[in-house]
Amino acid sequence: MIRSFASTSPFVALFAAAAVVAQDAPKTAQKLAPPDAIQAIAEKELLGHANFLASDELGGRLTGSKGQQAAAKYIANHFESLGLAPLGDRVEGGDAGDVGVRSYYQRYGIERTYVVDGASVAVGEVRLEEGFAVLGAKEMAAEIAGKAAWVGYGRTRGASRDIPDDGDLSGKVAVVAVKGPRGRVRDDLSVEQKFGMSFGVLGGLGRTARNLAKVGAEAVLFVQWEDKVGLADVLNYVALSPGKAMVTPNFPGADRSMSMMGRM
């Protein structure tokens, strides 16, 4: 089952703890000495903060998750221990001109679509409660069952078609091999190149699913043996999976097309 709801998510906001205004800056660059306070920054302390924020306990700090909220609380508590003035959201009932009634948090609206606890995918006697992703997700409650039918790459047209003219997949779950990009994938490709190629593969999966639905498939299960271009990383942004919700900004002026980026 997939559910969607609106919520708010906090992030720690530190506004203008100090401001520097430059006027009539000299034309020649000047070498500035580091401020005296830099001596108070210790490597051991920084490492301690980094270790906590990057720990498995926070689960990647996904937007709207308990891990993200724990990280926000951790940072806010540290700001408070340093005596920094909170300039985030105003506390209810506070005077508009009173800095002391603000908090360290600034909240913003989000819409979170997620796979509910207990959802699973079963193939024969193998049941997966994690390690799978849902594409084209929308709010729904469904139980889909059918006999698995291997259909190769799921091609329904052309000389290399995997489904014959009279093929009928009614009541069946089509099992399809993920077809990678054409040609050999070089080992020296950049992350950006692999990312672009992965989106091309992803688009092909959508077309394949739609074509198989036209010949009666109840659902399409894609299987991948190797991942040379990082398709799994792309699915981490655009697909639902257990424990990883799809987050869409939901506040005035928000770009809702950035929903996939809510995981970052």
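So, how was this worked out
- Residues numbered from 1 in each chain as written.
- Predicted model: local features only at pLDDT ≥ 70, side-chain atom pairs only at ≥ 80, totals over all residues.
- Heavy atoms only, no water.
- Helix = DSSP H or I, 4+ residues; strand = E, 2+ residues; numbered from the N terminus.
- Buried < 20%, exposed > 50% of the residue type's maximum accessible area, 1.4 Å probe, protein only.
- 1 Å grid on protein atoms, 1.4 Å probe; cavity = no way out; pocket = protein on both sides within 12 Å on 5 of 7 lines; lining within 4 Å.
- Points joined across faces, edges and corners; volume = space filled by probe spheres on them.
- Salt bridge = Lys/Arg side-chain N within 4 Å of Asp/Glu carboxyl O.
- Core = buried A, V, L, I, M, F, W, Y, C linked by side-chain atoms within 4.5 Å.
- Contact = heavy atoms within 4.5 Å.
- Pairing = 2+ DSSP bridges.
- Axes fitted to C-alpha atoms, helices over the stretch in contact; angles between N-to-C directions.
- Parallel < 35°, antiparallel > 145°, perpendicular 65-115°, else oblique.
- Left-handed = near helix turned anticlockwise from the far one by under 90°.
- Nonpolar A, V, L, I, M, F, W, Y, C, P; charged D, E, K, R; others polar.

## Examining the environment of Ala-122
For step 1, the next point in the chain: Tracing the chain through its elements places Ala-122 in strand E3 (residues 121-123).
For step 2, the next point in the chain: According to the relative accessible area criterion, Ala-122 is partly exposed, its value standing at 41%.
For step 3, the next point in the chain: The spacing of Ala-122 and Ala-145 is 23 residues in sequence and 9.1 Å in space, taken between C-alpha atoms.

## A few points about the layout of surface pockets
For step 1, the next point in the chain: Considered as a void within the structure, the second largest pocket measures approximately 530 Å³ in volume.
For step 2, the next point in the chain: Lining of the second largest pocket is provided by 21 residues; of these, Arg-155, Lys-179, Gly-204, Arg-207 and Thr-208 occupy positions nearest its centre.
For step 3, the next point in the chain: Where the lining of the second largest pocket is concerned, the elements lending two or more residues are strand E6 (172-177) and helix H3 (191-214).
For step 4, the next point in the chain: Ranked by the residues each element gives to the lining of the second largest pocket, the list is headed by H3, at eight residues.

## Here we look at the pattern of salt bridges
For step 1, the next point in the chain: Using the criterion set out here, one finds one salt bridge in the structure.
For step 2, the next point in the chain: A salt bridge links Asp-162 to Arg-155, with the nearest nitrogen and oxygen atoms 3.0 Å apart.
For step 3, the next point in the chain: Judged by relative accessible area, Asp-162 falls into the partly exposed class, the value being 27%.
For step 4, the next point in the chain: Given the relative accessible area of 28%, Arg-155 is considered partly exposed.

## Some thoughts on the nonpolar core
For step 1, the next point in the chain: Ala-149, Val-151, Ile-163, Leu-169, Ala-174, Val-176, Leu-212 and Ala-217 form the largest nonpolar core, which has eight residues in total.
For step 2, the next point in the chain: Leaving out residues up to four positions away in the same chain, Val-151 has contacts with Asp-162, Ile-163, Leu-169, Ala-174, Val-175, Val-176 and Leu-212.
For step 3, the next point in the chain: If you look at the next biggest cluster of nonpolar residues, it comprises seven residues, including Val-178, Val-201, Leu-231 and Val-234.

## What to know about the pairing of strand E8 (residues 246-249)
For step 1, the next point in the chain: Residues Met-246 and Thr-248 line one face of E8 and the alternating positions Val-247 and Pro-249 line the opposite face, and both faces are buried.
For step 2, the next point in the chain: Across four bridges, strand E2 (residues 105-115) lies against E8 in antiparallel orientation. The partner of Thr-113 across the bridge, within E8, is Met-246.

## Quick look at the packing of H3 against helix H4 (residues 231-238)
For step 1, the next point in the chain: It is at 9 Å that the axes of H3 and H4 come closest, and there the two elements cross at 70°. By the angle between their axes, H3 is roughly perpendicular relative to H4. Note that H3 runs across H4; the crossing there is right-handed. Where H3 approaches H4, its residues Phe-195, Ser-198, Phe-199, Val-201, Leu-202 and Leu-205 are matched on the opposing element by Leu-231, Val-234, Leu-235, Tyr-237 and Val-238.
For step 2, the next point in the chain: Across the contact of H3 with H4, the residue classes break down as 10 nonpolar, one polar and no charged.

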